[in-house]
Structure formats: C-alpha cells, structure tokens
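What the coordinates show
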Amino acid sequence: MNKIGVHALTFIGDIENSSIEKCLSKVAKIGYDVMELPLLNPDALDTNFVSKAYEKFDLEPTVSLGLSYKTDIASEDKERVKAGRELLFKALDKTIDVGSTNLCGVIHSALQKNQSPKTAVGYENSLNVIRDLAEKANKNNVTLSLEVVNRYETNIMNTAQEAMDYINDIGDSNVKVHLDTYHMNIEENNYSEPIKKIGKDKLGMFHFGENHRGYLGSGHINFEETFNSLRKINYSGIITFESFSSEVVDPVLSNTLAVWRNLWSNSEDLATEALKFIRNGLQS
Ligand code: MN
C-alpha cells in the first residue's frame, strides 16, 4: 500500500548525474519504489537528465532540502529571509522539473543549532514564505511537507503539536507535516500520539530512522508502535528510510547532521535490510 523510499545519501554524497544514475540503478535493483533526492546544490541539479533517469529505473522522485544560516526564512534578517525565499522557489522549480510531487525536509527554517528560541518576527517571516511557496506548490500539484526535527536542528518545530500549530497559523493551505522516528525519539513521549495528532490528512511524509541513524532494528526506536500507529490512521503516503554513516559524506549536510561515526559501510546491504524491515513491519 505505502510506497517505500530510500534517501540518496545512503549511497552517494553528491548529486552529479553519474552519481544519481548509479544510485538509482542500485535502489531499483533492491526493489524500492522511491528515491529521495536531497537538494545539496540545487543549481547543479540537471533536472532534464535526472527526470529521465528516474523514469528509466521506474522510480518516483521525492525532493528534500534543509535551509542554512544564510537562507534562514525564520530569521529576523530580511536579507537572509529573501535568500531563503529565493532558494525555496528554486527548489520548488527543481522539484517540478524532476517530476516529483513532494518537497519535504527542513524548509521552514535553517537546519542548524540555534543559540536562542524562535522569535515572533522570525516565525512570521517563515509563515509568510511558506504560505507563498504553498500557493505555487498547489498550482503545480506539489505537496510541501515540513519536517519536525529535534531541538539541535531547528527552533521552529520540534514536536508534532508545534507542527500543527504552525500549519494552523499558515491558514488554509495544502501544507503537510513530515515526521521522522529519529527526531520523535528525542522530542516526543512516544510514537503513537504524534502520528495520531497529525493524522492521515496532514501527514505528508514519513522517515524511518534508527536512534543512531544506522541499521533499522539495531537500535531502540519502537518501530512496532510506529507501524501500528501508521496503520491505525490508514497512512497511505511514502515511507522513506533515512540513514547516515561516515562512509558516505556530503561535506555540508553530513557535518550539519553531525555524521561523525561509521554506522555501516555497505550501502546495498543496509538498504536491502531496511526495505525488508519496513515491508515486514507493514504486513505484520
Ligand atoms: Mn528525516
């Protein structure tokens, strides 16, 4: 029922054409339905080539992005908000051009450790940009899903409740929520309440990640509760496996996510086991 995806950084640390093609061929062979493409450098993405490559391997693209300090739309600095707005609209264009209907990730604020809580002005700036972005996304059949991440990666939304508050503050729109077990483990009481709170209508994307971001099932995330909760709300969207190891590095994203350790060295084995784990969990 659910399409199952894998994050490209499981295999590759850049988004050059040759890397993406190599990654797609491996991901397709393992049997995934979707490959998540992180927009590490949107300008460098050759959407013409990449959209055809996805078609060739019969895989669906999803696109993700994390804003940075210089493109922080939740900042009080007008220049940074403007730069963030421009980057997000470019990312949306790239999403449309690769033939994806999903743009997700930390697009509501900078993916960074903040030294202070969010401010009222910064929060309004974020809402305004996402509201405008959603309008264009809507017209192009793209769903925006805002990722709820832990306190070290944003001060805008760390819990499902904060995501719902944000979405209500945006008002009438198609903006959805993107949950991730790795972050829920740090910030939520459990896995069932956040999933129930967001519900089928507002849950746009779901990431499966272990507490250390290595092999699924090797850590202590309660995936049984997660599977049961997704089943209870009849979630029919995409489930994407996300994992990071010092084996595959993007110089910016890997450092931002504090990927210091080698959690695995064989991408194929990791992704094969993750797909089995998710399929088995959904069936049981
Ligand atoms: Mn994630």
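Below, the structure is looked at part by part. Values in this document were obtained by computation on a predicted structure and should not be read as measured data. (Residues numbered from 1 in each chain as written. Predicted model: local features only at pLDDT ≥ 70, side-chain atom pairs only at ≥ 80, totals over all residues. Heavy atoms only, no water.)

**Notes on the pairing of strand 1 (residues 4-7)**
Burial of strand 1 is two-sided: the residues Ile 4 and Val 6 facing one way and the residues Gly 5 and His 7 facing the other way are all buried. Of the pairings in the sheet, the one linking strand 1 to strand 8 (residues 239-241) comprises three bridges and is parallel in character. Pairing of Val 6 across the sheet is with Phe 241, part of strand 8. Here strand 1 pairs with strand 2 (residues 34-38) via three bridges, running parallel. Its bridge partner being in strand 2, Val 6 is matched across the sheet by Met 35. Taken together, strand 1, helix 1 (residues 17-30) and strand 2 form a β-α-β motif whose crossover is right-handed. (Buried < 20%, exposed > 50% of the residue type's maximum accessible area, 1.4 Å probe, protein only. Helix = DSSP H or I, 4+ residues; strand = E, 2+ residues; numbered from the N terminus. Pairing = 2+ DSSP bridges. Right-handed = clockwise from strand over helix to strand, strands pointing away.)

**Overview of the coordination of the manganese ion**
Protein ligation of the manganese ion involves Glu 147 (OE), Asp 180 (OD), His 207 (ND1) and Glu 242 (OE), the donor distances falling in the range 2.1 to 2.2 Å. When the donor residues of the manganese ion are listed from N- to C-terminus, their spacing reads E-x32-D-x26-H-x34-E. Taken together, the positions of Asp 180 in strand 6 (residues 176-180) and Glu 242 in the loop between strand 8 and helix 9 (253-256) put the pair 62 residues apart, joining distant regions of the chain. The same class applies to Asp 180 and to Glu 242, which are both buried. (Donors = N, O, S within 2.8 Å, 3.2 Å for Na, K, Ca; no water.)

**Let's talk about the nonpolar core**
Ranked by internal contacts, the top residues of the largest apolar core, which has 85 residues, are Ile 130 and Leu 179. Considering every element that reaches this core, the biggest residue donor is helix 4 (residues 120-139), with seven residues. Setting aside residues no more than four positions away along its own chain, Ile 130 makes contact with Ile 73, Leu 88, Ile 107, His 108, Leu 144, Leu 146, Tyr 166, Ile 170 and Val 175. (Core = buried A, V, L, I, M, F, W, Y, C linked by side-chain atoms within 4.5 Å. Contact = heavy atoms within 4.5 Å.)

**Brief notes about helix 4**
The end-to-end C-alpha distance of helix 4, which contains 20 residues, comes to 29 Å, matching closely the 28 Å that a straight helix rising 1.5 Å per residue would cover. Of all the positions in helix 4, only Gly 122, Tyr 123, Asn 125, Ser 126, Leu 127, Val 129, Ile 130, Leu 133, Ala 134 and Ala 137 are classed as buried. Of the surrounding elements, those touching the buried residues of helix 4 are helix 3 (78-97), strand 4 (102-110), strand 5 (143-147) and helix 5 (160-170). The first or second residue beyond helix 4 is Asn 141, which carries a positive phi of 60°. (Expected span 1.5 Å × (residues − 1).)

Worth remembering: the numbers are spatial, not functional.
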